[in-house]
Amino acid sequence: MQQRMIWRLAVLMVIAALLLAACQPQPAAPAETAAPQATEEAAPAAEEVAGFQIPAIQEGKFNVAMVLIGPHDDGGWSQAHYEGLEYIQQNVPNTHVAYIENVPEGADSEQIFRSLSRKGFNLIFGTSFGYMDPMEIVAGEFPDVTYIHISGFKSNETNFGNLFGAMEVMKYLAGMLAGARAKMDGNPKLGYMATFPIPEELRLGNAIALGMRRTCPECTMDVRWINTWHDPIIEKEASASLFDAGAQVVFTGADTPAVADVAQEKGKWGVTYDWYGSCKVERCLTAPYWNWGPVYAKITAGVIDGTYKPGWDYFDADTGSLGLFGFMEGQELTPGLAELPPEVIAEVKDLVAKSLAGEFTRFDVFAGPIKDNQGNTVVPEGEALQQIDLDQFPEMGLGCTYCMKWWAEGITAELPDTGN
Amino acid sequence: MGQASATTGGLNRWLPYRIRFEPRMKEVPAWYPLAVTIGAIVVALFLGGILISLAGGDPLRSYAHIARASFGNLGVFSDTLVKATPLILVGLGCSIAFRMKLWNIGAEGQFFLGAFGASAVVLTPLLPPESPTWLFIPVCMLAGILAGALWGFVPGFLKARYNVNEIITTLMMNYIAVAWNNFFIYAVWSEGGFQMSRMFSRSAWLPRLADYAREVPLFRGLTVHLGLVFGLLAAVVVWYIVYRSRWGYEIRLIGDNPRAAEYAGINIRRNTILVMMLSGALAGLAGMSEITGVVHRLQGSISPGYGFTGIIIAWLAKLNPFAVIIVSILFGALILAGREIQPSGIPKMIQGIILVSLIASDFLLRYRVRIVRLVEEA
């Protein structure tokens, strides 16, 4: 009895101590950092509190927050977004940015979005597919905050918008290069390490296969599903498994540059993804990558002056937000590309230039005739997939005509079973 | 003697003292375990502070931030309670098993099964989607409790019948539970090819404070849900079972002295199975409360390790059901505030340090530390 009393007292004391700490006046950190940040230098994007990055708003500025699925320096997907966030800070006047990393999809993320909204952030980017529903819910609770969700397919057309880009264009061009490389090495087999069986991953895989067949009609492509966006170990194992099964060039759909590292060990080729800095090792052939900065800056500026209307925003390469490593301004061909036949390089260079000029888009990648790997014609000559076909399965019931539930000719894998 | 001081290390050469540990013969006074526990937490926070400093942070301000981010206003306190809710239930489940010295490491799996059971009611569907909330809640609870209890029954039965080590079985069954759920979200209840079920119909959601925001404006954005009440009631029930019932007496006796219990004619096998089932049922209820109160659909990432955190909480609370509530709230706060500290990872390490300090401090309850003078000894 007595012991329990003491426990209760102690517990009350601990809570009291925490409450006292909670009521302490805000540390003066914002004032310290406000001055240097006004000069918009390339300093750390988020403000520092107690030596750590803790997202907090700055009064009088337009506050932008970003929620990341992986570490902000993962060398892939999340890092590309993080650099986009820094770009906002440097290019849109009077903004303040902050981020939260390693946020799992699902219920946890809902609390994070609500907490950021409560703190008073004006614009919040969520950069993983699974943040979609939590963002939609929180967007309903905070009508004054704008939410932009990357990938996914939902929008409320007022303050919750969807954003994605035509990465299939760059994957198609990388497929052309990989096909040429495999053909030249005398082993006409490619591998695709895909994440989840969702329309995006089928779309990008099909784009690779279509590009591959353009330069190497006898080439085939194997697929492995890893069911994760970010897991360095699983990514390594799956790429090793694809190489061991005979692949000459392996593509990744996941976040880290594991394919290139494994290719280095095996003396094969890897094609990394997401971030321009991911293609470092000698055996990295190329990397289709995101350059979110320009698009993010445009959206932020648009939200500030009220001209950006959240909806379904799907950008092409002419925004400057898509890249193919080795072909963009100031980049040189990787060693693996430099050995390729000059006519292939010239063709890809030409298509890159056209895509940047807006003359070669996702609809050109998916223009008929396209055959699936069962021999059926998916898209007849003279027609092309429409936007709704690119990111829909028939069972989603949103009225796609051709839809994305097929594997292109040359893919030696079965369609994943996606239930219903 | 010169030889002895050489073998016991260099310190003796400088100090004429030696530290000796002696097993305690007498019961420690009532205040002593509490003082040791608080001391352990202080030491843990101090070590955590060193860690934060090494990572380039300011420990005091970091701790102040943790407190502010989890208790600073009504909104964040509500978020803290939401995080604490599954921890309370899982912690209670662990504490009652540990009371009998049954090492149930499988609360995570039992949590997933409980979530599965509740989801099955909505998604199979066992109840038509237009059923009223008052019907959904008890049926989902029952399904979650049964599924969790089943996941506790298997290792309990194996332990009682074949003396299979429950640490191994419960641990391994965690993986089965996660894989089981994955099968359903990938292949059976997948919505349009995505690895999550459809959203539960609104009537299958546990009521939240925010639902009454129209009547009480103060509740706007507060996501505390009915699961918290489950947790508080469960604590009372567990307290009653352990301290006031005959069954609780048996459980405590088996835990303290199984041989004496056996001589007293207590059925250890039956109690092993029943306690594992109760432990699993509580973790299953946690899964049900999380899935119908917070997530509202079945999907992959429904637990940031609640089942394992529950083990820490049960220890930290010294297996006391009411202390479990408080410790859960503190851990809820740590998880919540931890999310905000970038780079992530530091708060997890602090949790780990607290646990290690606590387990280490247990040593002080069983042994006395004596400092003896070498001269005296000689």
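Residues numbered from 1 in each chain as written. Chains lettered and ligands numbered in written order. Predicted model: local features only at pLDDT ≥ 70, side-chain atom pairs only at ≥ 80, totals over all residues.

Trainee: I tried to follow the overall build of chain B on my own but got confused; where do I start?
Mentor: On a plain count of helices and strands, chain B comes out with 16 helices and two strands. Based on the C-alpha atoms only, the size of chain B along its principal axes is roughly 85 × 55 × 40 Å. Within chain B, the fraction of its 378 residues that count as buried is 49%. Of the contacts formed within chain B by residues at least 6 apart in sequence, a portion of 78% connects residues at least 24 apart. (Helix = DSSP H or I, 4+ residues; strand = E, 2+ residues; numbered from the N terminus. Buried ≥ 20, exposed ≤ 12 C-beta atoms within 10 Å, placed from the backbone. Contact = placed C-beta atoms within 7 Å.)

Trainee: Is there a simple way to think about the overall build of chain A in this case?
Mentor: In terms of helices and strands, chain A carries 14 helices and 17 strands. Out of the 420 residues in chain A, the part that is buried amounts to 55%. Expressed as a percentage of contacts within chain A between residues at least 6 apart in sequence, the contacts between residues at least 24 apart total 63%.

Trainee: Whenever I open this one, unusual backbone geometry confuses me. Can you help?
Mentor: As a rule of thumb, non-glycine residues mostly have phi less than zero, and peptide bonds are mostly trans rather than cis. Following Gly368(A), the chain continues to Pro369(A) via a peptide bond in cis, the omega torsion being 0 degrees. Mapped onto the elements of the fold, Pro369(A) is located in the loop between α13 (362-365) and β16 (370-371). The omega torsion of the bond from Thr124(B) to Pro125(B) falls at -15 degrees, within 30 degrees of zero and hence cis. With respect to the secondary-structure elements, Pro125(B) resides in the loop between α6 (107-123) and α7 (133-162). Look at Asn227(A): it is not a glycine, yet its phi comes out positive at around 55 degrees.

Trainee: Just checking my understanding: could you explain the sheet that holds strand β5 (residues 123-126) of chain A for this structure?
Mentor: The pairing of strands in a sheet happens through backbone hydrogen bonds and is either parallel or antiparallel. All names here are of chain A. The strand order across the open sheet formed by six strands is β4-β3-β5-β6-β7-β14, and the pairing between neighbours is parallel. Taken across any chain shown, the strands that pair with only one partner, and hence form the sheet edges, are β4 (95-100) and β14 (312-315). Shown here is a sheet whose adjacent strand axes are inclined to one another by a mean of 20 degrees, direction ignored. The sheet contact formed by strand β3 (residues 62-67) and β5 spans four bridges and is parallel. Each bridged residue has a counterpart across the sheet, and for Val67 the counterpart in β5 is Gly126. (Pairing = 2+ DSSP bridges. Axes fitted to C-alpha atoms, helices over the stretch in contact; angles between N-to-C directions.)

Trainee: Please clarify how the environment of Leu92(B) should be interpreted in this entry.
Mentor: Residues and elements named next belong to chain B. Assignment of secondary structure puts Leu92 in helix α5 (residues 74-99). The class of Leu92 is buried, set by 32 C-beta atoms lying within 10 Å. Measuring from C-alpha to C-alpha, the distance between Leu92 and Ile50 comes to 32 Å, with 42 residues separating the pair along the chain. When sequence neighbours within four positions are dropped, the list of residues in contact with Leu92 reads Ala234, Ala235, Val238, Leu282, Pro321 and Val324.

Trainee: I would appreciate a short explanation of the sheet that holds strand β9 (residues 220-225) of chain A in the present structure.
Mentor: Residues and elements named next belong to chain A. The sheet built from five strands is open, its strands ordered β9-β8-β10-β11-β12 with parallel pairing. This sheet does not close on itself; its edge strands, each paired only once, are β9 and β12 (284-286). With strand direction ignored, the average angle separating the axes of adjacent strands in the sheet is 25 degrees. Judged from the two bridges that link them, strand β11 (residues 269-271) and β12 form a sheet pairing that is parallel. Along β12, the bridge assignment pairs Val271 with Thr286. Helix α9 (residues 258-266) rests against β8 (189-194), β10 (249-252), β11 and β12 of the sheet, and its axis sits at about 175 degrees to β11.

Trainee: I keep staring at helix α10 (residues 246-256) of chain B and nothing clicks. Help me out?
Mentor: Note that an α-helix has 3.6 residues per turn; residues three or four places apart therefore point the same way. All names here are of chain B. Three or more residues of α10 are buried, namely Glu250, Ile251 and Ile254. Buried residues of α10, seen end-on, are gathered within an arc of 100 degrees and therefore sit on one face of the element. The elements touched by buried residues of α10 are α5, α9 (227-244), α11 (258-263) and α12 (268-295). (Arc of directions from axis to C-beta.)

Trainee: Explanation requested: the packing of helix α4 (residues 59-71) of chain B against α5(B) in the structure shown.
Mentor: All names here are of chain B. Where α4 meets α5, the axes come as close as 5 Å, and the angle between the chain directions of the two elements is 90 degrees. With respect to their mutual orientation, α4 and α5 come out roughly perpendicular. Counted together, Ala69, Ser70 and Phe71 of α4 and Val76, Phe77 and Thr80 of α5 form the full contact between these two elements. Looking at the contact of α4 with α5, its residues break down into four nonpolar, two polar and no charged. (Parallel < 35°, antiparallel > 145°, perpendicular 65-115°, else oblique. Nonpolar A, V, L, I, M, F, W, Y, C, P; charged D, E, K, R; others polar.)

Trainee: Would you mind going over the domain arrangement of chain A with me for this structure?
Mentor: In many reports, interface size means the accessible area that the parts give up when they come together. All names here are of chain A. Segmenting chain A into domains produces domain 1 (44-165 + 293-317) and domain 2 (167-290 + 326-396). Between the C-alpha centres of domain 1 and domain 2 there is a distance of 28 Å. Sorting elements by how many residues they give to the side of domain 1 that touches domain 2 places helix α3 (residues 77-91) first, with four residues. Within the side of domain 1 that touches domain 2, the residues separate by chemical class into six nonpolar, eight polar and two charged. (Domains from an automatic or database assignment.)

Trainee: How should I be thinking about the pairing of strand β1 (residues 17-23) of chain B in this particular structure?
Mentor: Residues and elements named next belong to chain B. Of all the seven residues making up β1, zero are buried; the element is thus mostly uncovered. Here seven bridges tie β1 to strand β2 (residues 367-373), and the two strands are oriented antiparallel to one another. By the bridge assignment, Glu22 is partnered in β2 with Arg368.

Trainee: What am I meant to see in the nonpolar core here?
Mentor: Side chains of nonpolar character tend, in soluble globular proteins, to be buried together. All names here are of chain A. Residues Leu173 and Ala178 are the most contacted members of the largest nonpolar core, which totals 121 residues. In terms of residue count, helix α6 (residues 167-184) provides more of this core than any other element does, 11 residues in total. Taken together, domain 1 (44-165 + 293-317) and domain 2 (167-290 + 326-396) each give at least three residues to this core, which thus spans both. With near-sequence residues (within four places) excluded, Ala178 lies in contact with Leu190, Met212, Val249, Phe251, Val271 and Leu285. (Core = buried A, V, L, I, M, F, W, Y, C linked by C-beta atoms within 7 Å.)

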